[in-house]
Amino acid sequence: MAAIIIIPLLIVAIIGLSGYLIYRFLIYDLRCKRSVNNSLQKYNIKKTPSQIIKEYYEAKGEQISHQEIQNLEKNYRQNEPDQFLAMYDTLRESLKDKD
């Protein structure tokens, strides 16, 4: 008798949890990535977010690995998407100062 109630509840819980995990780790990141790319295209920026991060840290005199760049890109993309524009502005201003 209890199996009649518990089995459907377990199935619904598993489906719900897997749906949430798929959204959180796949769909949400893809939406964030599309949003950042659209913002960069809107301002006619031809560089990718990873290029912007790499050049920004090189301009600061820091060398970071490819893995660190990917981690920073994901963090900025999901939590601080405007950071890419701020870094690009800093790079652009530093190039103007050099010239």
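Residues numbered from 1 in each chain as written. Predicted model: local features only at pLDDT ≥ 70, side-chain atom pairs only at ≥ 80, totals over all residues. Heavy atoms only, no water.

Colleague: Explain the overall build of the protein here, please?
Modeller: What the protein contains, in helices and strands, is four helices and zero strands. Counting from the amino terminus, helix and strand elements in the protein follow one another as α-α-α-α. Counting only C-alpha atoms and orienting by the principal axes, one finds that the protein spans roughly 80 × 30 × 15 Å. With 99 residues in all, the protein has 18% of them scored as buried. (Helix = DSSP H or I, 4+ residues; strand = E, 2+ residues; numbered from the N terminus. Buried < 20%, exposed > 50% of the residue type's maximum accessible area, 1.4 Å probe, protein only.)

Colleague: What exactly am I supposed to notice about the environment of phenylalanine 84 here?
Modeller: Positionally, phenylalanine 84 belongs in helix H4 (residues 83-98). Relative accessible area serves as the criterion here: at 1%, phenylalanine 84 is assigned to the buried category.

Colleague: Would you mind going over the environment of threonine 90 with me for this structure?
Modeller: Within the secondary structure, threonine 90 sits in helix H4. Given the relative accessible area of 41%, threonine 90 is considered partly exposed. Along the primary structure threonine 90 and lysine 46 are separated by 44 residues, whereas in three dimensions their C-alpha atoms are 16 Å apart.

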